[in-house]
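A look at the structure
Letter by letter, the chains look like this.
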Amino acid sequence: MSGGIQEELRQFATRVLEHRGALVDWPVGTGAGTAVVPEEVAAAVGIDDDTIRLTDQPGGEGWCVSLGTDFLETAGRLLEAEPRTGSFAASRLYLKRGSLEEAVRRAFAWLNAKVVVRDTRATHVEYHTWWFRASLTSEDRWETRLAVTVNSATGVEIDLPDPLALWELEPRQVTGRKPPSTYPRAVARALPRVKAAAEDFFCRMDGRIERDRRRLREYYGALLREADHKKPRGGATPDPEKTAERKRAVELELRRKLAELDERYAIAGSLQPLVLIRTVLPAMAVDLSVQRKRASKRHTLYWNPLVRAIEPMCCGRCGNGIFSVAFTDDDVDPRCADCRR
Amino acid sequence: MPNLTKLAPSAELDMAAGLKARWQTAGGIPISLQASPGFAEPVTCNVEVLRLHLEHARLSLLRGFDELLCLEGLTGVEHFPHQIETVRKVLRHFRGRVLLADEVGLGKTIEACLVLREFLLRGLAKRVLILVPTALVSQWREELVSKFGLEFSVPPRTRQADRAEYWTGTDRVLSSLSFAKSQRRAAAVTAAPWDLVIVDEAHHCKNRTTRNWQLINGLKRRHLFLLTATPVQNNLLELYNLLTLLEPGHLKTETDFKRQYVRRGNPRDPRNRHRLRTLLGEVMIRNTRSLVQMDLPPRYAQTLMAQPHGDEERLYRLLDEYLRRRRALPQEDAVAGAEIDEIEKEDGAGPPLSGAALPPLGRKQLSTLLSASGSHPRSLADSLERVAGTDPDAAPIIEIARNIQRSAKDEKLLELLRQSGQDKVLVFASFRRTLEHLQSLLDQAGIAYVTFSGAESDRQKDEAVETFRQLVPVMLCSESGGEGRNLQFANTLINYDLPWNPMRIEQRVGRIHRIGQTREVFIFNICAAGSLEARLLDLLTDKIRMFELVVGEVGSILGNLEGGEEFETLVLNLWMRSATDTELDRSFDTLGRTLLEAQEEYLTTKQLDEALFGEDYQ
């Protein structure tokens, strides 16, 4: 195992233990260390002592910090009870002042409605950054980790920088009502990204199954041809019934093998949420009045201080972020060009 | 340029079905993706907690890439570069379907277990079935646990194993092929889906008309490893049959294969060697000794017969009479040929027997007592006391055994150790009580030693090895002693007692006769004249010349034995079926002939395979 990974594991083990109240002494560059741990941590690690030895050497005494042991499983257990949802704010971000009418005009194309900017005001918006682990299993396995950030007010996906890396980030106690659930929307946004990222994996599986199918068909095809030409011993005339029976058996076997192949290659995937980061950011809200035929409706756009731009609207059908916006006749709901068709 | 994935309309997220999406690849492979339920509570303001969750996930993903995970956390496994190379090849190029055909002794089992571990760690396999010859079941189970930390269930010899629920409900099964293929179970075994199937000594599946072949062919499995050092025993069609199990059609049909690759009149001689080699190279790996430079110096064995006198002689006579009185007839014994689980259950853990109407001793009890009698009277006394309890017939035997201070074997051992001077000597004994006795024997004789019994901590073991290397001439070892440690600086081994299973004897020898040994190895076996061990030793040394074989060959020979019994079971059966010593001698002669035939079969096959494959498939 490379030294780089080992060092990452050492740091991770130290952080997990310290987080759970342990005193850890494991200097950089050394293969072993010690930790004085609370009782429940010792129990989780499976060591009956409050001082545990940490080592990167598999097979040694103590808790072996290595990818090849059950270290990550144990660390997972230590983190299991820890909250996975974080609540923060970054209220000190710079907010653009003044009217955003011109910016809206430049960014958006209104395809079938009359849109007027009514008001521009400072507000706060909560963003939900969902981290996922996606995995696909077939003859091989593919995995990745991805994050999707959704504006909880509009449901539109925003390409936001990692909130945990913001220096302005501050804790925010949650009070009041629950935020709207953005999880289904985040899953829906994660899906096409998983598809795109796993494209090579899909191609590889397609190539493999095709090769295996061809080989099976050639083999059993040849067996069928042989069955037709098989001569019984002693030069007797072939029994057509027996030949037909043999061919049926071969066909059945081919079907069974092909079905097994399909079963083996079928791809099962999972999308597992890892962490939700709720971040309240200051934002400029731009209120719009939209007139479509006889119907009219108010919509709000947001100027985001982290991306320093106005966010797109969210297509009410597919959820895509859109700047070329059409509206439905009755509800005056935004649609992308595809959904409008 | 890759094809774009075809997104079927159903590719969209189905909220009603619980955040599930279905679509298919361009080639038509169905994909289903299920999102787990989301979460919201509890909430934290601690950035570190969230970072730890994310870091945990990131590190978990690292497992899926280039590093071999199977090497981490192994204890007592000495792995060699050719094995690691093989693991990589199986993972990268063979897609988990391979014929591992290394020459004997190069560690096919280790290779298979490494890949198995890799599959398990990566989540590529969960349900695993290992099929091996009956004689190797216990060896496999022990190695899986002690070296790889993998627990496997050995099917019990009860009706439970005939039911489909056992095979579908147990994720890791280790069974003998003969047990799994029986008519009562084959349907249940083949109906259960397996992620990985490993077949050891796979040449038993060379003939497609046999139940062995049909069982493997009928298994629903993703991955398949076939292990054999001798894929071709009689003719090339056997190879064809094996590879058809792995990849049907890889060698086309049998007629095609014969036409293209088998010389008329000589089914052992291939035509179109180059083409055949290319095809075989896609599904077979074969490491040879010469290529991996694993030729070891020769080893020599000598049997030292100790002649018991006086009380000791009387002890063995009385014990023999006692055990024969209390043995069960083999046909009455329900566990003849039982595999490990059941034998263990019969261990003499129950309340001690007493009174006049004593039931026959169980097989495990008998074999424990017979083995103890081949070790030292002290061990025998302990075992007999535990098994016989207050049986008045046993009491005098126990008393005699306790009073024997120095046995005939002790004298032989001391003689040997005094002759060996400062040479490093490993002394093996199976029983803990015997080890304790040997410690006091050497103390009294003023011979310095260390003990390595498996009960010590890792640090103590390291210290013991270091002391043995630098300071003392003798290391007293239990069965597990020295496992995984480099002891090649010693080249002499004394078997104070002898396990009945030749594979265990082989393991003992393997502690010093292994890679890194540069000197000739000397093995001394001490046994009491007329004992069961003496007969066993006679069988192994005179008939198959076991101690001169290459490491691993014993396993191949035992694998060729017909029937569904482990070697220890065979030995015990012989003893139980023989009323007199003459009958016992005759039975051992018969077993010797069977072993010899198995060895001849192995040697013929080995020659053929060497000629056929050479060094083309590393």
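**Points about the sheet that holds strand β4 (residues 63–64) of chain A**
All names here are of chain A. Ordered in space as β1-β2-β3-β4, the four strands form an open sheet in which the pairing is mixed. Only two strands of the sheet have a single neighbouring strand rather than two, namely β1 (23–25) and β4. Here strand β2 (residues 32–36) pairs with strand β3 (residues 51–55) via five bridges, running antiparallel. Residue pairing across strands places Ala 35 opposite Ile 52, the latter belonging to β3.

**Notes on the interface of chain A and chain B**
The partner chain B presents 84 residues to the 95 residues of chain A that form the contact. Where chain A abuts chain B, roughly 7600 Å² becomes buried across the two surfaces, and 60% of that area is made up of carbon and sulfur atoms. Among the residues of chain A in contact with chain B, Arg 15, Arg 145 and Tyr 219 of chain A are the three that bury the most area, contributing 8% of the side total. Taken together, the connections running from chain A to chain B amount to three salt bridges. Here Glu 48 of chain B ties to Arg 15 of chain A by a salt bridge, and the two come within 2.9 Å at their closest N and O atoms. The interface formed by chain A and chain B contains 28 residue pairs in polar contact (both at pLDDT 80 or more). The dominant element in the side of chain A that touches chain B, judged by the number of residues it contributes, is helix α6 (residues 199–229) of chain A, at 19 residues. Residue composition of the side of chain A that touches chain B, by class: 45 nonpolar, 17 polar and 33 charged. One ladder, built from five bridges, connects strand β10 (residues 267–292) of chain A with strand β2 (residues 30–35) of chain B; its direction is parallel. Its bridge partner being in β2 of chain B, Leu 271 of chain A is matched across the sheet by Ala 35 of chain B.

**Quick look at empty space enclosed by the protein**
Inspection of the entire model under this criterion finds five cavities of 30 Å³ or more. Around the second largest cavity, the lining comprises 14 residues; the ones closest to its centre are Lys 257, Glu 260 and Arg 264 of chain A together with Arg 221 and Pro 248 of chain B. Secondary structure elements with two or more residues in the lining of the second largest cavity: α6 and α7 (240–265) of chain A together with β8 (220–227) of chain B. Class assignment for the residues of the lining of the second largest cavity results in five nonpolar, one polar and eight charged.

**Some details on the packing of helix α3 (residues 71–80) of chain A against helix α1 (residues 47–62) of chain B**
The geometry of α3 of chain A relative to α1 of chain B is characterised by a closest axis approach of 11 Å and an angle of 160° between their N-to-C directions. Between α3 of chain A and α1 of chain B, the crossing angle belongs to the class labelled roughly antiparallel. As for how α3 of chain A packs across α1 of chain B, the hand of that crossing is left-handed. Two secondary-structure elements touch here, α3 of chain A through Leu 72, Ala 75, Gly 76 and Leu 79 of chain A and α1 of chain B through Leu 52, His 53, His 56, Leu 59 and Ser 60 of chain B. Classifying every residue of the contact of α3 of chain A with α1 of chain B by side-chain character gives five nonpolar, four polar and no charged.

**A word on the side chain of Asp 200 of chain B**
All names here are of chain B. Looking at the element boundaries, Asp 200 is found in the loop between β7 (193–199) and α8 (211–218). Buried and unpaired, Asp 200 has no salt bridge, with Lys 108 as the nearest side chain of opposite charge at 6.4 Å. Not counting chain neighbours up to four residues away, the residues in contact with Asp 200 comprise Leu 131, Val 132, Pro 133, Leu 136, Trp 140 and Leu 227.

**Focus on the sheet that holds strand β4 (residues 97–100) of chain B**
By way of backbone hydrogen bonds, the strands of a sheet pair with one another, either parallel or antiparallel. Residue and element names in this part refer to chain B. Spatially, six strands are ordered β6-β5-β7-β8-β4-β9 in an open sheet, and the strand pairing comes out parallel. In this open sheet, the two edge strands, each paired with only one partner strand, are β6 (172–176) and β9 (284–285). As judged from the two bridges shared by β4 and β9, these two strands associate in the parallel manner. Residue pairing in the sheet places Leu 100 in a bridge with Ile 285 of β9.

**Things to note about the pairing of strand β11 (residues 425–428) of chain B**
Residue and element names in this part refer to chain B. Residues of β11 alternate between two faces, with Val 425 and Val 427 on one and Leu 426 and Phe 428 on the opposite face, all of them buried. Relative to strand β13 (residues 474–477), β11 is paired through four bridges, and the arrangement is parallel. Pairing of Val 427 across the sheet is with Leu 476, part of β13. The pairing of β11 with strand β14 (residues 492–495) spans four bridges and is parallel. In the strand pairing of β14, Phe 428 is matched with Asn 495.

**Remarks on the pattern of salt bridges**
All names here are of chain A. For the coordinates displayed, the defined rule picks out 46 salt bridges over all chains. Salt-bridge contacts for Arg 264 lead to Asp 212; the nearest nitrogen and oxygen are separated by 3.8 Å. Of this pair, Arg 264 sits in helix α7 while Asp 212 sits in helix α6, placing them 52 residues apart in sequence. Each member of the pair, Arg 264 as well as Asp 212, is classed as buried.

**Some details on helix α3 (residues 108–121) of chain B**
Residue and element names in this part refer to chain B. The first and last C-alpha atoms of α3 sit 20 Å apart over 14 residues, in line with the 20 Å expected at 1.5 Å per residue. When you tally the buried positions in α3, you get 12 out of 14 residues, the bulk of the element. Residues of α3 that are buried: Lys 108, Ile 110, Glu 111, Ala 112, Cys 113, Leu 114, Val 115, Leu 116, Arg 117, Glu 118, Phe 119 and Leu 120.

**Quick notes on a negative patch on the surface**
Among the surface-exposed residues, Glu 39, Glu 40, Asp 48, Asp 49 and Asp 50 of chain A lie close enough to one another that they form a single negatively charged patch. Position of Glu 40 of chain A relative to the elements: it lies in helix α2 (residues 39–45).

**Observations concerning the packing of aromatic side chains**
Counting across every chain of the model gives 16 aromatic pairs over all chains. The interplanar angle of 55° and the centroid separation of 5.1 Å between the aromatic rings of Trp 63 of chain A and Phe 71 of chain A together place this pair among those described as tilted. Of the two residues, Trp 63 of chain A and Phe 71 of chain A, neither departs from the other in class, the shared state being buried. Aromatic side chains Phe 108 of chain A and Trp 110 of chain A sit 5.0 Å apart centroid to centroid with 0° between the ring planes, which places their arrangement in the stacked category. Trp 110 of chain A gets classed as partly exposed once you look at its relative accessible area, which sits at 22%. Cluster of aromatic residues (ring-pair linked, three or more members): Phe 108, Trp 110, Phe 323 and Phe 327 of chain A. The ring of Trp 23 of chain B carries the charged tip of Lys 195 of chain A above its face, separated from the ring centre by 4.7 Å. In this arrangement the basic side chain of Arg 127 of chain B is found over the ring face of Trp 194 of chain B, its NZ or CZ atom lying 4.2 Å from the centre.

What counts, and at which threshold
- Residues numbered from 1 in each chain as written.
- Chains lettered and ligands numbered in written order.
- Predicted model: local features only at pLDDT ≥ 70, side-chain atom pairs only at ≥ 80, totals over all residues.
- Heavy atoms only, no water.
- Pairing = 2+ DSSP bridges.
- Helix = DSSP H or I, 4+ residues; strand = E, 2+ residues; numbered from the N terminus.
- Contact = heavy atoms within 4.5 Å.
- Buried area = accessible area lost by both parts, 1.4 Å probe.
- Salt bridge = Lys/Arg side-chain N within 4 Å of Asp/Glu carboxyl O.
- Polar contact = N/O pair within 3.5 Å; in protein donor to acceptor, adjacent residues only side chain to side chain.
- Nonpolar A, V, L, I, M, F, W, Y, C, P; charged D, E, K, R; others polar.
- 1 Å grid on protein atoms, 1.4 Å probe; cavity = no way out; pocket = protein on both sides within 12 Å on 5 of 7 lines; lining within 4 Å.
- Points joined across faces, edges and corners; volume = space filled by probe spheres on them.
- Axes fitted to C-alpha atoms, helices over the stretch in contact; angles between N-to-C directions.
- Parallel < 35°, antiparallel > 145°, perpendicular 65-115°, else oblique.
- Left-handed = near helix turned anticlockwise from the far one by under 90°.
- Buried < 20%, exposed > 50% of the residue type's maximum accessible area, 1.4 Å probe, protein only.
- Lys, Arg positive; Asp, Glu negative; His and termini not counted.
- Expected span 1.5 Å × (residues − 1).
- Patch = residues over 30% accessible without salt bridge, like charges linked within 9 Å, V, L, I, M, F, W, Y side chains within 5 Å.
- Areas by Shrake-Rupley, 256 points an atom, 1.4 Å probe, with all protein chains shown as cover.
- Charge placed at Lys NZ, Arg CZ, Asp CG, Glu CD.
- Phe/Tyr/Trp six-rings, centres within 6.5 Å; stacked < 30°, edge-to-face > 60°.
- Lys NZ or Arg CZ within 6 Å of the ring centre and 35° of its normal.

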